[in-house]
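Listed below are the residues making up each chain.
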Amino acid sequence: MVLLFRQSDFESLTDFVPVRLAGEIVAIKGKASIVALAAAMTLGGAVALAPTAAAAGTVGSSACRFNSPDVNFKIDVNSTALRKGPGTRYGSKGKIRKGETFRYFCRTWAGGGLDGFNKSWSYGKIVKRTGSGVPAGTRGWVYSRYLD
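None of these values were measured; they are calculated from a predicted model.

Colleague: Mind showing me how you'd approach the nonpolar core here?
Modeller: Generally speaking, a soluble globular protein has its nonpolar side chains buried in company with each other. Counting eleven residues, the largest nonpolar core is built from Phe73, Ile75, Leu82, Ile96, Phe102, Tyr104, Phe117, Ile126, Val134, Val142 and Leu147. The next biggest cluster of nonpolar side chains, apart from the first, holds nine residues, and it includes Tyr90, Cys106, Tyr123 and Trp141.

Colleague: Sorry, what's going on with the pairing of strand E8 (residues 121-126) here?
Modeller: Counting buried residues along E8, five of its six residues qualify, which places the element largely inside the surrounding structure. By the bridge criterion, five bridges tie strand E7 (residues 101-107) to E8 in an arrangement that is antiparallel. Paired with Tyr104 across the bridge in E8 is Gly124. In this structure, E8 lies alongside strand E9 (residues 139-143), joined through five bridges in antiparallel fashion. Across the sheet, residue Ser122 finds its bridge partner in E9, namely Val142.

Colleague: Help me understand the environment of Lys93, please; the structure alone is not making it clear to me.
Modeller: Position of Lys93 among the secondary structure elements: in strand E6 (residues 92-97). For Lys93, a relative accessible area of 33% translates into the label partly exposed. Between the C-alpha atom of Lys93 and that of Thr138, which follows or precedes it by 45 residues, the distance is 8.5 Å. Lys93 has contacts with Thr58, Leu82, Lys84, Val134, Thr138 and Arg139, leaving out every residue within four places of it along the chain. There is a polar contact of 2.5 Å between the side chain of Lys93 and the backbone oxygen of Arg139.

Colleague: Which parts of the structure should I look at to understand the side chain of Arg83?
Modeller: Position of Arg83 among the secondary structure elements: in strand E5 (residues 79-83). Buried and without a salt bridge, Arg83 has Glu100 as its closest oppositely charged side chain, separated by 15 Å. Within the structure, the side chain of Arg83 is placed 2.7 Å from the backbone oxygen of Tyr90, a separation counted as a polar contact.

Colleague: Mind showing me how you'd approach the side chain of Ser122 here?
Modeller: Residue position: Ser122 is located in strand E8. Here Ser144 takes part through its side chain, which lies 2.6 Å from a polar atom of the side chain of Ser122. Not counting the four nearest positions on each side in its chain, Ser122 is found in contact with Phe102, Tyr104, Cys106, Arg107, Phe117, Gly140, Trp141, Val142, Ser144 and Leu147.

Colleague: Mind showing me how you'd approach the state of the cysteines here?
Modeller: The bond known as a disulfide is covalent and runs between the sulfur atoms of two cysteines. Taken as a whole and assessed by the stated rule, the structure comprises one disulfide. Sulfur-sulfur distance for the disulfide between Cys64 and Cys106 comes to 1.9 Å. Note on the Cys64 and Cys106 pair: the S-S dihedral is about 55 degrees, so by sign convention the disulfide is right-handed. A residue pair is termed long-range when its members are at least 10 positions apart, and Cys64 in the loop between helix H2 (53-56) and strand E4 (66-74) and Cys106 in strand E7 qualify at 42 residues. Taken as a pair, Cys64 and Cys106 share a single burial class, namely buried.

Quick notes on the rules
Residues numbered from 1 in each chain as written. Predicted model: local features only at pLDDT ≥ 70, side-chain atom pairs only at ≥ 80, totals over all residues. Heavy atoms only, no water. Core = buried A, V, L, I, M, F, W, Y, C linked by side-chain atoms within 4.5 Å. Buried < 20%, exposed > 50% of the residue type's maximum accessible area, 1.4 Å probe, protein only. Helix = DSSP H or I, 4+ residues; strand = E, 2+ residues; numbered from the N terminus. Pairing = 2+ DSSP bridges. Contact = heavy atoms within 4.5 Å. Polar contact = N/O pair within 3.5 Å; in protein donor to acceptor, adjacent residues only side chain to side chain. Lys, Arg positive; Asp, Glu negative; His and termini not counted. Salt bridge = Lys/Arg side-chain N within 4 Å of Asp/Glu carboxyl O. Disulfide = S-S within 2.5 Å.

This is the structure in structure tokens:
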């Protein structure tokens, strides 16, 4: 069975492969992707793998392993980066300063309890334009230890 989704659905999907078919980016679930790609190529279809979020430089909630109801947190350090992905290897979208609000959606998994939370990365959005100019609604990643 092959399941197809629009590109806008990608943030909520895991274990899907983004593929460009007839100019449309779709996601194909699991092992079915190999069969679908082989069939398309056999039938003369033009198939090109779409760039992954990491290749494009931004990772959405697909990296999350623990979801939660939306919760507002305040930044608890003088300043931290709102990152394009869960880790320091990803670029910054801008700075968030102490006391500014970050709406948490989910996080990477680093174990349970407070210690696990503090070692994970949280995905969410900026609630109100930051003092450094990051617009409200900008989504990104913050090291969870920096959230209060």
